[in-house]
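One letter stands for each residue in the lines below.
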Amino acid sequence: QVQLVESGGGLVQAGGSLRLSCAASGLTFSSYAMGWFRRAPGKEREFVATISWSSGGNSVYADSVKGRFTISRDNAKNTVYLQMNSLKPEDTAVYYCAAAARSYATAGSYDYAYWGQGTQVTVSS
């Protein structure tokens, strides 16, 4: 049974930082590209960042977070991270990690076979 468990969300002031973690189990983690998505209140889920199977592999970011967020992974710990700096109120959302049914980085949500339950990030102005 595949499980993705996010942690690290919370309340932070604008300009602050948070680091999200996603611990994976029940899958060969190093074979999967991983991604982060988010859903803001009243909006559809949107892509945030993705990283290919390798810890030093290719990563892709949404334009809205480029230069502020960094995705990374530790295959020895079966964990993917999202370092979020210079947070803005518009970053407020539930953040989800997901495992893609392929090894290369992909922004398409349809490529992701497994999803976590999400962690709330709230950025106050």
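See the structure above.
Cut-offs applied
Residues numbered from 1 in each chain as written. Predicted model: local features only at pLDDT ≥ 70, side-chain atom pairs only at ≥ 80, totals over all residues. Heavy atoms only, no water. Helix = DSSP H or I, 4+ residues; strand = E, 2+ residues; numbered from the N terminus. Rg over C-alpha atoms; globule rule 2.2 N^0.38 Å. Buried < 20%, exposed > 50% of the residue type's maximum accessible area, 1.4 Å probe, protein only. Contact = heavy atoms within 4.5 Å. Lys, Arg positive; Asp, Glu negative; His and termini not counted. Charge placed at Lys NZ, Arg CZ, Asp CG, Glu CD. Core = buried A, V, L, I, M, F, W, Y, C linked by side-chain atoms within 4.5 Å.

K.L.:
Tell me about the overall build of the protein, and name the residues and values.
P.N.:
Scanning the protein for helices and strands turns up zero helices and 11 strands. Seen in sequence order, the protein has helices and strands lined up from the N terminus as β-β-β-β-β-β-β-β-β-β-β. Since a compact globule built from 125 residues should have a radius of gyration of about 14 Å, the 13 Å found for the protein is in line with a globular shape. Oriented by its inertia axes, the alpha-carbon framework of the protein measures out at about 40 × 25 × 25 Å. Expressed as a percentage of the 125 residues in the protein, the buried residues total 46%. Looking at the protein alone, contacts between residues at least 24 apart form 58% of all its contacts between residues at least 6 apart. Charge centroids of the protein, computed over 11 positive and 8 negative side chains, lie 3 Å from each other.

K.L.:
So, unusual backbone geometry: which residues are in play, and what are the values?
P.N.:
One non-glycine residue with positive phi stands out, namely Asn-78, at about 55 degrees. When you line up the elements, Asn-78 lands in the loop between strand S7 (69-74) and strand S8 (79-84). Residue Ser-86 is not a glycine yet carries a positive backbone phi of 50 degrees. Considering the arrangement of structural elements, one finds Ser-86 in the loop between S8 and strand S9 (93-100).

K.L.:
Got a sec to walk through the nonpolar core? Specific residues and values, please.
P.N.:
Formed by 36 residues in total, the largest nonpolar core has its most connected members in Trp-36, Leu-82, Met-84 and Tyr-95. Breaking this core down by element, the ones donating at least two residues are strand S3 (18-25), strand S4 (34-39), strand S5 (46-51), S7, S8, S9 and strand S11 (119-124). Counting residues per element, this core draws most heavily on S9, which supplies six residues. Residue contacts for Leu-82: discarding those within four places in its chain leaves Leu-18, Arg-19, Leu-20, Trp-36, Val-48, Ala-49, Phe-69, Thr-70, Ile-71 and Tyr-95.

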